[in-house]
Each structure stands twice: as C-alpha cells, then as structure tokens.
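# Per-entry structural report
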Amino acid sequence: MARLMLLSMSMPRSKRPIFTVQKHQASHLHYDFRLEIGGVLKSWAIPKGPSMDPSVKRLAVEVEDHNLEYANFEGLIQEGHYGAGPVLVWDTGWFEPLDWHRGPASPATMLDAGKLEVHLHGQRLQGGFTLVRMKDQPRHWLLIKQSDKDARPGHEVVEEYDTSILSRRTIEDLEAAVAAGTSDTYCCG
Ligand code: MN
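Residues numbered from 1 in each chain as written. Predicted model: local features only at pLDDT ≥ 70, side-chain atom pairs only at ≥ 80, totals over all residues.

Bringing the overall build of the chain into the picture now. Along the chain, the regular secondary structure elements total four helices and ten strands. What you see in the chain, going N to C, is helices and strands ordered as α-β-β-β-β-β-β-α-β-β-β-α-α-β. Looking at the chain residue by residue over its 189 residues, the buried ones come to 27%. When contacts within the chain are restricted to residue pairs at least 6 apart in sequence, long-range pairs at least 24 apart make up 57% of them. (Helix = DSSP H or I, 4+ residues; strand = E, 2+ residues; numbered from the N terminus. Buried ≥ 20, exposed ≤ 12 C-beta atoms within 10 Å, placed from the backbone. Contact = placed C-beta atoms within 7 Å.)

Once that is clear, we can look at the nonpolar core. Ranked by internal contacts, the top residues of the largest apolar core, which has 30 residues, are F33, A60 and L143. Non-local contacts of L143, meaning those with residues more than four positions away in its chain, are made with F33, I46, P50, R58, A60, F129 and L131. (Core = buried A, V, L, I, M, F, W, Y, C linked by C-beta atoms within 7 Å.)

This part is about the environment of D32. Inspection of the secondary structure assignment puts D32 in strand β2 (residues 29-37). Since 22 C-beta atoms lie within 10 Å of it, D32 is described here as buried. In this structure the C-alpha to C-alpha distance between D32 and T20, which are twelve residues apart in sequence, comes to 7.9 Å. For D32, the residues in contact, after removing those within four places along its chain, are V21, Q22, H24, S43 and A45.

Below, the discussion takes up the pairing of strand β8 (residues 126-133). Bridging between strand β7 (residues 115-121) and β8 involves seven bridges; their strand directions are antiparallel. Residue H121 lies in a different strand from β8, and its bridge partner there is Q126. Between β7 and β8, which pair antiparallel in sequence order, lie four residues. Pairing between β8 and strand β9 (residues 140-145): five bridges, direction antiparallel. Looking at the pairing, V132 lines up with L142 of β9. Count of turn residues in the β8/β9 antiparallel hairpin: six residues. (Pairing = 2+ DSSP bridges.)

This brings us to the pairing of β7. Here four bridges tie strand β6 (residues 85-97) to β7, and the two strands are oriented antiparallel to one another. Across the sheet, residue W94 finds its bridge partner in β7, namely H121.

A positive phi angle, close to 65°, is found at R168, a residue other than glycine. A count of 9 C-beta atoms within 10 Å places R168 in the exposed class.

What follows is the structure, encoded as structure tokens:
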C-alpha cells in the first residue's frame, strides 16, 4: 500500500496543464492570463480582459512568470508591494496546446515562435484561443478567440461575469471584507 502511494506520488501530474485568469484591481484593472508551461505559470496582463468574440483582439502584455501555487490565489496584495490591490480567480481550468500549420509542437516551442494556440477548458472561457506576439514589441501579444463552436460574436464575457469562479465574490466584496478585517490578505514580499 505504501509503495503504491509512493508510486502514484512520483508519477507525473496529469497531462492537463492548468490555466487561470485572475481579475486584478491594481492601479489599473487588468486580467492576468496564466498558462502552465515548463513548470511555471507563463503570464500576460490583459487590460480589457479576454473576449469570446473572434473579431476582437486583446492586448496581452507578457509579465513575469509565477509559481504554480499562485494559480488559485485570491485576496489582497498589500500596499507597498508590486500590484497592490485585490485579486480574484475569474476563471480556471486546463488547456490543450493546439497544433498549427507546422504540425505538432510543444507549448514552449510555440511560445518561442511567437504564436501559441490553445484550447481552453474553463468554466467561462472555452475553445480555441491564439496568442500572437506583435512584431515590434516583443512583450506585447494579442489574445484572439478562434472561430469555433464556442465563439460568441458580439459578446463580452468579462461584462457578463464579475465574480470569482471559486468564491463568487466580486472585487468590491473583497475590498469590503478587507476593510472589515474578515479577509485574509496576501503579502508578496
Ligand atoms: Mn496583475
């Protein structure tokens, strides 16, 4: 029995890399889009948030990698620390890298090539998405919904949902809880 447990603990984690989108009310509201690639959360800050409308291109600014443990973080980043302000988990799930015209490729390879296609399995975001790096500004990418059965033309999913997918709290709920001293806070120091 003990041996079986050890074996299962040493097995690679399921082949379902995680993605998460955190709504973050820092000095400017944005949505942090994170994909598990190479053992870390590759991260982009999307000022307007993701869209399910394939005609919409959303600026996604590449930011620093985060640890996998951060994926489900929700709370307040304290004043004086980078990104001070409340954070909630807006969506989470797993993703599959999609092969593109050159054939099968790993997410890390696609990232290096500046075009990453993934199929998201979230609760609010589903289906194919493309992240494409802009030519002149290497940290600037565009996130675009692919035209598939999950696409919702003319629809803004970030307007439809403003709550945490985990706790159903809004940014305002988090702020109120912090003000009342009833919410855990997080300090990134
Ligand atoms: Mn952020």
